[in-house]
Amino acid sequence: MLQLVGYLESPFVRRVAISMQFLGIPYDHRELSIFRDFDEFRALNPLVKVPTLVLEDGQVLSDSGLIIHYLETQVAGRSLMPADSEAFLAASQMVSYALVAMEKVAQIIYETGQRPPEKQQQSWIERLEQQLEGAVALMEASLLRGPKPGKTWLFAEEPCQADISCAAAWRFTQHIDKVNISADDYPAMAAFSERAERLPEFLACPLS
Ligand SMILES: N[C@@H](CCC(=O)N[C@@H](CS)C(=O)NCC(=O)O)C(=O)O
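Everything numeric in this text was worked out from a predicted model, so none of it was measured. Residue positions are given per chain, counting from 1 as you read along its sequence in written order. Local features in a predicted model are, by the rule used here, given only for residues with pLDDT of at least 70; side-chain atom pairs are given and counted only at 80 or more, and totals for whole chains, interfaces and linings are based on all residues.

Asks: So, the overall build of the chain: which residues are in play, and what are the values?
Replies: For the chain, the helix and strand inventory stands at eight helices and four strands. As a reference, a globule follows 2.2 Å times the number of residues to the power 0.38, and the radius of gyration itself is taken over C-alpha atoms. The globule rule puts the C-alpha radius of gyration for 208 residues at 17 Å, and the 17 Å found for the chain is close to it. In terms of its C-alpha atoms, the chain occupies a principal-axis envelope of roughly 50 × 45 × 30 Å. Contacts in the chain between residues far apart in sequence, at least 24 positions, make up 69% of those at least 6 positions apart. Think of it this way: any DSSP run of H or I at least four residues long counts as a helix, any run of E at least two long counts as a strand, and we number them from the N terminus. Throughout, a pair of residues is in contact if the C-beta atoms placed from their backbones lie within 7 Å.

See the structure below:
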């Protein structure tokens, strides 16, 4: 059985877990912390990165994008990205906004959580916050333009990777109290997230 390592508090882990639900790929979930379980994690994967996927033969693979690509091409035989070229590009752009939002929240957590207050650099934190706001604003603007005509989700009748990653990124911003991203400022994103979080594939991967 494939093993997905990392807490669902990591949006990168969560987007892989939700993708596995949509792809119908069974897996064991192992909750190891990159901080609290550093030595145990290092023995498993010297990169100490989540998500880590452990294959049935014990090989390991890191990085959510590479893991999803591996699962789609080598396990499920189908992709969660739209096939149509124009939709593929638009979905890829949405995923890139979501990944940057996830990354910037994580960097804010590290900057404010790992450094003592006197060593924290306010200008750096402000830069991270601006990048985060840029990513969330781009997702909001895309959502306000609406899904493709006749589509229930962003690009199809079923959620694709863009839907999964945007919803996972938004949920992460709302989970972390060190970032100030308000649902009042991004109503389309908040409503979209609420709808996504009610899907069984999302409910199977609760944040905490
Ligand atoms: N590009 C990576 C980012 C994953 C990532 O940065 N995960 C964080 C936790 S949310 C992590 O492993 N942090 C530990 C570190 O960077 O040392 C992906 O998509 O998987």
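Additional details are given in the paragraphs that follow.
Asks: How would you explain the sheet that holds strand β2 (residues 27-30) if you had to name every residue and give the values?
Replies: Ordered by their spatial adjacency, four strands build an open sheet running β2-β1-β3-β4, and the pairing between neighbours is mixed. At either margin of the open sheet sits one strand with a lone partner, and together these are β2 and β4 (60-62). Going from strand to strand, the sheet's axes swing by 25° on average, the running direction of each strand aside. Pairs of strands are assigned from DSSP output, requiring at least two bridges between the strands. Note on geometry: axes are lines fitted to C-alpha atoms, helical ones only across the stretch in contact, with angles between N-to-C directions running from 0 to 180 degrees.

Asks: An account of the site of the ligand is requested, with residue identities and associated values reported.
Replies: The criterion for a residue being near a molecule or strand is simple: its C-beta atom, placed using the backbone, must lie within 6 Å of it. The environment of the ligand is made up of S10, F12, I34, V48, K49, V50, P51, D63, S64, G65 and A106. Per-class residue counts for the shell around the ligand are six nonpolar, three polar and two charged. Only Asp, Glu, Lys and Arg are considered charged in this grouping, and only Ala, Val, Leu, Ile, Met, Phe, Trp, Tyr, Cys and Pro are considered nonpolar; every other residue, Gly among them, is considered polar.

Asks: Tell me what's going on with the pairing of β2, and back it up with residues and numbers.
Replies: One ladder, built from four bridges, connects strand β1 (residues 2-5) with β2; its direction is parallel. Counted as the bridge partner of Q3 is D28 from β2. On the question of chirality, the crossover connecting β1 to the parallel β2 by way of helix α1 (residues 11-23) is right-handed. The handedness of a crossover follows from its direction of travel: if, with the strands pointing away from the viewer, the path from the first strand over the helix to the second runs clockwise, the crossover is right-handed.

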